[in-house]
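# Report on the structure
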There are 2 protein chains.
Amino acid sequence: MVVWPSTLAPSELDQLFRALADATRRDIVARLLSGETATVSALAARYDMSFAAVQKHVAVLEQAGLVSKVANGRERIVRGEPDRLARTREALSQLEDLWRSRISRLDEVLSEGEPPCPSPTSPPTPKR
Amino acid sequence: MVVWPSTLAPSELDQLFRALADATRRDIVARLLSGETATVSALAARYDMSFAAVQKHVAVLEQAGLVSKVANGRERIVRGEPDRLARTREALSQLEDLWRSRISRLDEVLSEGEPPCPSPTSPPTPKR
DNA sequence: GGGCCATACAACCATTTGGTTGTATATAGG
DNA sequence: CCTATATACAACCAAATGGTTGTATGGCCC
């Protein structure tokens, strides 16, 4: 298994966002993170669809890493993976950071009579 | 238009996560938030696909509210909507909060000889 | 006006998705 | 051992996705 140093690969992000783009799957994640005891069939009982459908949803979540299954006799205990969720949120934060750093760049220019850039070597950043 | 008091409806979350579940679209959002001047064709020039394909991606993003277009002569200036992105991140945070509050509930029980609540019934938690 | 450029949009196609039913396998329990 | 339960998985289907090309529309400029 390739270790990705805490940054998610594009295809992983695809999977994560895809997995979260379904209300049933988000609800499953919510239940699991809330600590609901969850075999696959216990989950399936909650939704108005076939067992196989819920099973597929769980598989999608598992593929994305948002959920993991551990065998326990004939049943599988499904567990939420809050870490994966946190990393997904961080990915969104990084996107937002692009915006924030752009804004602070703009602020810098707007609030300053003599912006730091025009000179060849930037002068010792004036106040602020 | 129905005003949703700062909480996203399930179908909006579907759209948002769906929109983000594609690397090209995430890249478009990233460019826009970074402040890149962006008409639809300027964006299209960046990717190895037809203009119409990029146009569709922008439409998906616009539908999700992650992007907005404003007419400027014959071109449309595409703008990122950081607020929508922030709300999406908040939705993930809320999911994580379920986990966090569960954990704090567990901690409360585990780390306390006499918790504030258990009182009338429930015997003073016998360690372990 | 005429032509070019940016955009929009329809039609089409292959693949994926989200659901179904049906079947197979393994484990628990009488 | 036999049966019922929990899960897995294949096959099938309708609808949505992600791409294509082609055509229409509307603004810019000569």
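Keep in mind that this is a model prediction, so the values were computed, not measured.

Here we take up the protein's contact with DNA strand D. The environment of DNA strand D is formed by 21 residues, the closest being Ser41(A), Gln55(A), Ser50(B), Lys56(B) and His57(B). When the atoms of DNA strand D within 4 Å of the protein are grouped by moiety, sugar and phosphate amount to 67% of the total. For DNA strand D, a base nitrogen lies 3.3 Å from a polar atom in the side chain of Arg74(B). Secondary structure elements with two or more residues in the surface near DNA strand D: α3 (40-45), α4 (51-64) and β2 (75-80) of chain A together with α4 (51-64) of chain B.

Another aspect to go through is the relation of the copies chain A and chain B. The operation relating chain A to chain B is a screw motion whose rotation component is 180°, with 0.0 Å of axial translation and a residual RMSD of 0.1 Å. Such a combination of rotation and displacement between the chain copies is what one expects of a two-fold axis. Closest approach to the rotation axis within chain A is made by the C-alpha atom of Phe17(A), at a distance of 2.5 Å.

In the vicinity of DNA strand C, 20 residues are found, and the nearest of them are Ser50(A), Lys56(A), His57(A), Ser41(B) and Gln55(B). A distance of 3.2 Å is found between a phosphate oxygen of DNA strand C and a backbone nitrogen or oxygen belonging to Val40(B). At 3.3 Å, a side-chain N or O of Gln55(B) approaches a base nitrogen of DNA strand C. Every element with two or more residues in the surface near DNA strand C is listed here: α4 of chain A together with α3 (40-45), α4 and β2 (75-80) of chain B.

Take the pairing of β2(A) next. Residues and elements named next belong to chain A. Note that strand β1 (residues 67-72) and β2 share 6 bridges and pair antiparallel. Within β2, the residue paired with Val 70 across the bridge is Ile 77. In sequence, β1 turns back onto β2 through a hairpin of 2 residues, with Gly 73 there showing a positive phi of about 65°.

Each side of the interface is counted separately: chain A has 29 residues, and chain B has 29 residues. Of the roughly 2,600 Å² buried where chain A meets chain B, counting both sides, 67% is carbon and sulfur surface. Close ionic contact of Arg26(A) with Asp14(B) constitutes a salt bridge, the shortest N to O distance being 2.8 Å. Where chain A meets chain B, there are 6 residue pairs in polar contact (both at pLDDT 80 or more). Among the elements of the structure, α1 (10-20), α2 (23-33) and α5 (82-110) of chain A are those that each provide at least two residues to the side of chain A that touches chain B. Partitioned by chemical class, the residues of the side of chain A that touches chain B number 17 nonpolar, 4 polar and 8 charged.

Looking now at α5(A). Between its first and last C-alpha, α5(A) extends 41 Å over 29 residues, near the 42 Å set by a 1.5 Å rise per residue. Here α5(A) has its buried residues at Pro82(A), Arg84(A), Leu85(A), Ala86(A), Thr88(A), Arg89(A), Ala91(A), Leu92(A), Ser93(A), Leu95(A) and Glu96(A).

This paragraph deals with the packing of α2(A) against α4(A). Residues and elements named next belong to chain A. Closest axis-to-axis distance for the α2/α4 pair is 10 Å, and the angle between their directions is 70°. Of the possible angle classes, the one that applies to α2 and α4 is roughly perpendicular. For the pair α2 and α4, the contacting residues are Thr 24, Arg 25, Ile 28 and Val 29 in the first and Val 54, His 57, Val 58, Val 60 and Leu 61 in the second. When its residues are assigned to classes, the contact of α2 with α4 shows 6 nonpolar, 2 polar and 1 charged.

Cut-offs and rules
Residues numbered from 1 in each chain as written. Chains lettered and ligands numbered in written order. Predicted model: local features only at pLDDT ≥ 70, side-chain atom pairs only at ≥ 80, totals over all residues. Heavy atoms only, no water. Near = heavy atom within 4 Å. Polar contact = N/O pair within 3.5 Å; in protein donor to acceptor, adjacent residues only side chain to side chain. Helix = DSSP H or I, 4+ residues; strand = E, 2+ residues; numbered from the N terminus. Least-squares fit on C-alpha atoms with pLDDT ≥ 70 in both. Pairing = 2+ DSSP bridges. Contact = heavy atoms within 4.5 Å. Buried area = accessible area lost by both parts, 1.4 Å probe. Salt bridge = Lys/Arg side-chain N within 4 Å of Asp/Glu carboxyl O. Nonpolar A, V, L, I, M, F, W, Y, C, P; charged D, E, K, R; others polar. Expected span 1.5 Å × (residues − 1). Buried < 20%, exposed > 50% of the residue type's maximum accessible area, 1.4 Å probe, protein only. Axes fitted to C-alpha atoms, helices over the stretch in contact; angles between N-to-C directions. Parallel < 35°, antiparallel > 145°, perpendicular 65-115°, else oblique.

No statement about biological role is implied by the geometric values presented.
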